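Spelled out from the first residue to the last, the chains are:
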Amino acid sequence: MSRSVPAVMVKLLVAAGQASPAPPVGPALGSKGVKSIDFCKEFNARTSSFVAGTPMPCRIWVRGDRSFTFDVRTPQASHLLLIAANAPEGKKKGSRRGANNPGHETIGTISLKHVYEIAKIKISEPRHAGKSLEGFCRSVIHQARSMGINVVP
């Protein structure tokens, strides 16, 4: 009897519209026997509606016959918060960081409207169906404070 090989899941954080067979995509998928160029073309097509360079969490399931399916999730809340707060860019081009000493230093300020919009983006994922928007807003506020971002009404 032949055994069915279970699907292997690979988690990646890839810039929207900028996937290429270079690291981290190439080595992660190449070790599973998948042609990374096929993934890159499909990923770039799916993420063409997002701002180029936005880090998109992605889960790829590779089956035993080397075929794959993948799921692109919404951008991370920390990235959306840093963009909304207009945080200063780091040494690397396009990289932004939170405060080194949150609670004592501030890197930016956002309003409750920003918090609400970020929570609406995050709650749109099917895995968050049934969760309250108010709970997500609280979560976003706490995450903002832990990054050194002030939230004002």
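Keep in mind the model is a prediction, meaning the values are calculated, not measured.

Enquirer: Any chance you could explain the sheet that holds strand β3 (residues 68-72) here in plain terms?
Expert: Whether parallel or antiparallel, the strands of a sheet pair through hydrogen bonds between backbone atoms. Taken in spatial order, the 3 strands make up an open sheet running β1-β2-β3, and their pairing is antiparallel. Strands at the two margins of the open sheet, each flanked by one partner only, are β1 (8-15) and β3. Here the average twist between neighbouring strands, direction ignored, is 25°. As paired elements, β1 and strand β2 (residues 55-62) share 8 bridges and run antiparallel to each other. The residue bridging L12 from the neighbouring strand is C58, located in β2. Contacts between helix α2 (residues 36-46) and the sheet are confined to β1, β2 and β3, with β3 contributing the most and set at about 30° to the helix.

Enquirer: Where do I start with the packing of aromatic side chains in this structure?
Expert: What characterises a pair of aromatic rings is the spacing of the ring centres plus the angle enclosed by the ring planes. On inspection of all chains with the given rule, the structure shows 5 aromatic pairs. Taken together, the ring pairs in this structure connect F39, F43, F68 and F70 into an aromatic cluster. Against the face of F70 rests R46, its NZ or CZ located 3.9 Å from the ring centre.

Enquirer: I would appreciate a short explanation of the packing of helix α3 (residues 77-84) against helix α5 (residues 133-146) in the present structure.
Expert: The relative placement of two packed helices comes down to the angle between their axes together with the axis-to-axis distance. Where α3 contacts α5, the axes come no closer than 10 Å and their chain directions differ by 65°. Of the possible angle classes, the one that applies to α3 and α5 is roughly perpendicular. Two packed elements cross with a definite hand, and for α3 against α5 that hand is right-handed. Residue-level inspection shows A77, S78 and L81 of α3 in contact with α5, the latter providing V140, Q143 and A144.

Enquirer: What is the right way to look at α3 in this model?
Expert: Where α3 is concerned, the buried positions are A77, H79, L80, L81 and L82. Trailing α3 by a residue or two, N86 shows a phi angle of about 55°, which is positive.

Enquirer: How should I be thinking about the pairing of strand β5 (residues 149-152) in this particular structure?
Expert: Residues in a regular strand project their side chains so that they alternate between the two faces of the sheet. Residues I149 and V151 point to one face of β5 and are all buried, whereas N150 and V152, pointing to the other face, are not buried. Bridge count between strand β4 (residues 108-111) and β5: 4 bridges; the pairing is parallel. Pairing of S111 across the sheet is with V152, part of β5.

Enquirer: Is there a simple way to think about the packing of α3 against helix α4 (residues 112-123) in this case?
Expert: For the pair α3 and α4, interaxial distance at closest approach is 11 Å and the crossing angle is 150°. Here α4 runs roughly antiparallel to α3, going by the angle between their axes. In terms of crossing hand, the pair formed by α3 and α4 is right-handed. On α4, the residues that touch A77, L80, L81 and A84 of α3 are H114, I118, I121 and K122. Broken down by class, the residue content of the contact of α3 with α4 amounts to 6 nonpolar, 1 polar and 1 charged.

Enquirer: For this particular structure, what's the right way to read the UniProt feature "domain: Large ribosomal subunit protein uL11 N-terminal" (unreviewed entry) in the protein chain?
Expert: As annotated in UniProt, the feature "domain: Large ribosomal subunit protein uL11 N-terminal" (unreviewed entry) corresponds to residues 10-68 in the numbering used here. Split by type, residues 10-68 is 29% helix and 25% strand. Its first and last C-alpha atoms lie 10 Å apart.

Parameters at a glance
Residues numbered from 1 in each chain as written. Predicted model: local features only at pLDDT ≥ 70, side-chain atom pairs only at ≥ 80, totals over all residues. Heavy atoms only, no water. Pairing = 2+ DSSP bridges. Helix = DSSP H or I, 4+ residues; strand = E, 2+ residues; numbered from the N terminus. Axes fitted to C-alpha atoms, helices over the stretch in contact; angles between N-to-C directions. Contact = heavy atoms within 4.5 Å. Phe/Tyr/Trp six-rings, centres within 6.5 Å; stacked < 30°, edge-to-face > 60°. Lys NZ or Arg CZ within 6 Å of the ring centre and 35° of its normal. Parallel < 35°, antiparallel > 145°, perpendicular 65-115°, else oblique. Left-handed = near helix turned anticlockwise from the far one by under 90°. Buried < 20%, exposed > 50% of the residue type's maximum accessible area, 1.4 Å probe, protein only. Nonpolar A, V, L, I, M, F, W, Y, C, P; charged D, E, K, R; others polar. UniProt positions renumbered as here; feature names shortened; annotations may be inferred.

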